[in-house]
Amino acid sequence: MKYEGLIYRPPSEAYSLLLQVTIGCSHNKCTFCSMFKAKNFRVRKMEEIFADLDEARAYYRHVGRIFLCDGDALCLSMDKLMAILGYIREKFPECERVGVYGSPRDVLLKTPEELETLRDAGLSIIYIGAESGSDKVLLDVCKGATAEEIITAIRRIEDAGIKSSVTFISGLAGRDNWEEHAVMTGKMISEAQPSYVGFLTLMVEEGTPLADDVKNGKFKLLTPEEVLAEAALMIQNINVEKTCVFRSNHASNYVSLAGNLPEDKDAMLALLKRAMEDKGMLKDERFRAL
């Protein structure tokens, strides 16, 4: 397997075969993210991708999951995606799941029929970094999508029979707009009805525009206690009709939460309340990581 630069994948893809089909991120403008800043976006040659799959087949006896890297591999054309998925099915008939990062606009560039075709070819889950349900926050961080576009994209994924896993970032609005961020994020989840939701906590990375805003005082970071209050307000505003698997157990989080909504909503709120009253439950800053 040939990899270019650092490779990133969702936590749930820890045991997946990582196949790099694009280099970098086609958007690459989010103010908080440094993941792909060192890469110039390009699509890998198909023969390189197939060669990696051939090499993996010769090395691994069983591959249950495959994840397509880098930042938003869903931007590939249908012809390329179908060729990759077809080769995976040919070489790895035992593969149960293929996942991919997809920006909201990449999803919306695919018709509902095209998404169903990708599902039938083996695409099982699409990860979306929504970050916030607030249009103001999305504009401030240069996300490149509106709340309405994100909701529509998630619904389109789910309607096509593909699972959506959507990530949000606590603290991303700073101290000035945390309440709007929390309330609108809860409402976005309620309206979009994703299969999975992941909640991370902001960590400022050096070299990003957000880091500059923190240094010059334009952006005011939340305290750990304020982060928990924001998380509680967000969960209070989530009202889903179908089961949504909720996880806030990333290395960046001060308190780990795991449950299914709506049934575990009260239990998670109770845990946050206890943590706000007992600071000893909070993860030490030394142990937080991305």
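For every chain, the first residue of the written sequence is number 1, and numbering continues from 1 onward in sequence order. Per-residue local features are limited, in this predicted model, to residues with pLDDT of at least 70; the limit for side-chain atom pairs, both in listing and counting, is 80 or more; totals at the level of whole chains, interfaces and linings are taken over all residues. Here the side-chain values reflect all heavy atoms present in the structure, with hydrogen atoms and water set aside.

## Considerations on the pairing of strand β7 (residues 163–170)
Step number 1: We call a residue buried when its accessible area falls under 20% of the maximum for its residue type, exposed when it is over 50%, and partly exposed in between, using a 1.4 Å probe and counting protein chains only. In DSSP terms, a helix is any run of H or I states spanning at least four residues, a strand is any run of E spanning at least two, and both are numbered starting from the N terminus. Of all eight residues making up β7, six are buried, and the element is well covered by its neighbours.
Step number 2: Across six bridges, the pairing between strand β6 (residues 123–131) and β7 is parallel. Opposite I126, over in β7, you have S164 as the bridge partner.
Step number 3: We treat two strands as partners when DSSP finds at least two bridges between them. Direction of pairing for β7 relative to strand β8 (residues 196–201): parallel, over a ladder of six bridges. When the bridges of β8 are listed, T167 appears paired with G198.
Step number 4: After leaving β7, the chain enters helix α7 (residues 178–192) and then returns to the sheet as β8, a path that is right-handed. By definition, the crossover connecting two strands over a helix is right-handed if that path, from the first strand to the second, turns clockwise as seen with the strands pointing away from the viewer.

## Looking at helix α9 (residues 224–236)
Step number 1: Expected span, for any helix, means 1.5 Å times one less than how many residues it has. Spanning 13 residues, α9 covers 19 Å between terminal C-alpha atoms, matching the ideal 18 Å at 1.5 Å per step.
Step number 2: Of all the positions in α9, only V227, L228, E230, A231, A232, L233, M234 and I235 are classed as buried.

## Notes on the side chain of D72
Step number 1: As for its placement among the helices and strands, D72 is situated in the loop between β4 (65–69) and α2 (78–91).
Step number 2: Charge counting treats Lys and Arg as positive and Asp and Glu as negative, with His and both chain ends excluded. Salt bridges are defined by distance alone: a side-chain nitrogen of Lys or Arg within 4 Å of a carboxyl oxygen of Asp or Glu. Of the buried charged residues, D72 lacks a salt bridge, with K143 as the closest side chain of opposite charge at 9.0 Å.
Step number 3: Of note is the side chain of D72, whose polar atom sits 2.5 Å from the side chain of S26. Polar contacts, as used here, are pairs of N or O atoms within 3.5 Å; protein pairs need one atom able to donate a hydrogen and one able to accept it. Residues neighboring in sequence count only if both atoms are side-chain atoms.

## Quick look at the pattern of salt bridges
Step number 1: Scanning all chains against the criterion turns up 18 salt bridges.
Step number 2: Taking the shortest distance from any N to any O, the salt bridge between K39 and D70 comes out at 2.9 Å. Taken together, the residues K39 in the loop between β2 (22–23) and β3 (42–43) and D70 in the loop between β4 and α2 connect sequence positions 31 residues apart.
Step number 3: The salt bridge partner of E191 is R155, with a shortest N-O separation of 3.9 Å. On the criterion of sequence distance, the pair formed by E191 in helix α7 and R155 in helix α6 (residues 147–159) is long-range, its members being 36 residues apart.
Step number 4: The partly exposed category is assigned to E191, whose relative accessible area is 41%.
Step number 5: Taken together, the shared-partner salt bridges connect R44, E48 and D52 into one network.

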